[in-house]
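# Observations on the three-dimensional arrangement
The primary structure of each chain is shown beneath.
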Amino acid sequence: MSFKDKTALVTGASRGIGFAVAKKLASLGANIAIVDYCSEEAGVVSAAAIAEEFGVKTAFFRCDVSDFNASKETVDKIIDEFGGIYILVNNAGIVKDKLVLKMAESDFDDVINVNLKGVFNMIKHTYPHFAKKRAGRIVNVSSIVGLTGNAGQVNYSASKAGVIGITKSTAKELASRGVTVNAVAPGYIVTDMTKSLGDSAKEQFEKAIPMKKGGTPEDVANVISFLCSDDASYVTGEVIRVDGGLAM
Ligand code: NAP
């Protein structure tokens, strides 16, 4: 498996699952464009760490993926600076968990705008490039709660179910152009996003997971890298759970 001379755009890649994805793809030779809304300093540090470890070209682009125009400017800049994009991983995401009764309208809108519209924005602006090149891989990061629902996550689960809809529809649109579009649905993965859960919630998760442990960002990155590889060239519109069996 090699991504030598190919460019991967990974959103939300300054830390967590996105950073692990960027590292995995770089370890296989890909040049990496990190798109994240973190501070300039944090983004540059993440990009430099990957370049130093794997000897590939990397760059950081500060962008809020929920901003339609900023996303277009960022995609255009990356195509210009890297000479194209072969892999797009839509990973950026946020949570604002509350029961519906307590959920503010802004909690709903913010999560939908980043997790769902952000995926639309990045696909919309890379689409003409992919269609013209007639080659590419898009992987969207959904969640098992997009499949199962979850109390306290109406906004998040709706966004992640929507990501599966975008994945399947875009897969149908781009299949004849040699571009595959798939999704991964992680379960409980140990990152900053889940670190804020209390000890009892963690224990409950670990009890419920058939494999009896949370996943690592690398567990998710390995599956994404497979979906981006030539080995997965006949796989499109698929959703792969990476959850130790939790949503089985
Ligand atoms: P994380 O550690 O919180 O990292 C999320 C990344 O997304 C951060 O780098 C964050 O940037 C970036 N981001 C947030 N809003 C953004 C925006 N508007 N524009 C650009 N970048 C933005 O989360 P994670 O656990 O790695 O999650 C990564 C993805 O996996 C998310 O889509 C999440 O929903 C999904 N997922 C995670 C789990 C899990 O158990 N961890 C399970 C299922 C699905 P900042 O540094 O600026 O915040």
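Check the entry above for the structure.
Note that the structure is a prediction, hence the values are computed from the model and not measured.

Cut-offs and rules
- Residues numbered from 1 in each chain as written.
- Predicted model: local features only at pLDDT ≥ 70, side-chain atom pairs only at ≥ 80, totals over all residues.
- Heavy atoms only, no water.
- Helix = DSSP H or I, 4+ residues; strand = E, 2+ residues; numbered from the N terminus.
- Rg over C-alpha atoms; globule rule 2.2 N^0.38 Å.
- Buried < 20%, exposed > 50% of the residue type's maximum accessible area, 1.4 Å probe, protein only.
- Phe/Tyr/Trp six-rings, centres within 6.5 Å; stacked < 30°, edge-to-face > 60°.
- Lys NZ or Arg CZ within 6 Å of the ring centre and 35° of its normal.
- Near = heavy atom within 4 Å.
- Polar contact = N/O pair within 3.5 Å; in protein donor to acceptor, adjacent residues only side chain to side chain.
- Areas by Shrake-Rupley, 256 points an atom, 1.4 Å probe, with all protein chains shown as cover.
- Nonpolar A, V, L, I, M, F, W, Y, C, P; charged D, E, K, R; others polar.
- Core = buried A, V, L, I, M, F, W, Y, C linked by side-chain atoms within 4.5 Å.
- Salt bridge = Lys/Arg side-chain N within 4 Å of Asp/Glu carboxyl O.
- Contact = heavy atoms within 4.5 Å.
- Pairing = 2+ DSSP bridges.
- Right-handed = clockwise from strand over helix to strand, strands pointing away.

## Brief notes about the overall build of the protein chain
Along the protein chain, the regular secondary structure elements total 9 helices and 7 strands. Taking 248 residues into account, the globule formula puts the C-alpha radius of gyration at 18 Å, and the protein chain, at 17 Å, falls close to it. The principal-axis extent of the C-alpha atoms belonging to the protein chain is close to 45 × 40 × 35 Å. Looking at the protein chain as a whole, 48% of its 248 residues qualify as buried.

## With respect to the packing of aromatic side chains
If you walk through the whole model with that rule in mind, you get 3 aromatic pairs. On the basis of an interplanar angle of 0° and a centroid distance of 4.7 Å, the ring pair of Tyr188 and Phe205 is categorised as stacked. Taken together, the positions of Tyr188 in the loop between strand 6 (179-186) and helix 7 (192-195) and Phe205 in helix 8 (residues 199-208) put the pair 17 residues apart, joining distant regions of the chain. Sitting over the face of the ring of Tyr86, Lys6 holds its NZ or CZ atom 4.4 Å from the ring centroid.

## Describing the site of the ligand
In the region of the ligand, 29 residues are neighbours, and Ile17, Asp36, Asn91, Tyr156 and Thr191 sit closest. Residue Lys160 places a side-chain N or O atom 2.9 Å away from an oxygen atom belonging to the ligand. Starting from 910 Å² of accessible surface for the ligand in isolation, the protein chains cover 91%. When contributions to the shell around the ligand are tallied by element, the ones reaching two or more residues are helix 1 (16-27), helix 6 (154-174) and helix 7. Looking at the shell around the ligand, the element that brings in the most residues is helix 7, giving 3 residues. Considering only residue class, the shell around the ligand consists of 14 nonpolar, 10 polar and 5 charged.

## What to know about the nonpolar core
Counting 32 residues, the largest nonpolar core has Val21, Leu25, Ile32, Ile87, Val89, Val184 and Ile224 as its most contacted members. Mapped by element, the contributors of at least two residues to this core are strand 1 (7-11), helix 1, strand 2 (31-36), helix 2 (40-54), strand 4 (87-90), strand 5 (136-141) and helix 9 (217-228).

## Some thoughts on the pattern of salt bridges
In this structure the tally under the stated criterion is 8 salt bridges. Here Lys4 makes a salt bridge to Asp5, at a shortest N to O gap of 3.9 Å. When its relative accessible area of 58% is taken as the criterion, Lys4 is described as exposed. The salt bridge involving Asp107 is made with Lys98; its shortest N-O contact spans 2.9 Å. The partly exposed category is assigned to Lys98, whose relative accessible area is 36%. Taken together, the salt bridges that share partners define one network made up of Arg15, Asp192 and Lys195.

## Re the environment of Leu99
Tracing the chain through its elements places Leu99 in the loop between strand 4 and helix 4 (105-133). Each C-alpha atom, one on Leu99 and one on Val154, is 7.6 Å from the other, the two residues being 55 residues apart in sequence. Sequence-distant contacts of Leu99, that is, excluding residues within four places in its chain, are made with Ala151 and Gly152.

## As for the pairing of strand 5
The buried fraction of strand 5 amounts to 6 of the 6 residues, a majority that puts the element mostly inside the structure. Alternating residues of strand 5 divide into Gly136, Ile138 and Asn140 and Arg137, Val139 and Val141, and every residue in both groups is buried. Examined bridge by bridge, strand 4 and strand 5 share 4 bridges and lie parallel to one another. Looking at strand 5, one finds that Ile87 is bridged to Arg137. In the classification by handedness, the crossover that spans strand 4, the intervening helix 4 and the parallel strand 5 is right-handed. Taken together, the 6 bridges between strand 5 and strand 6 define a ladder with parallel strand orientation. By the bridge assignment for strand 6, Arg137 is matched with Thr180.

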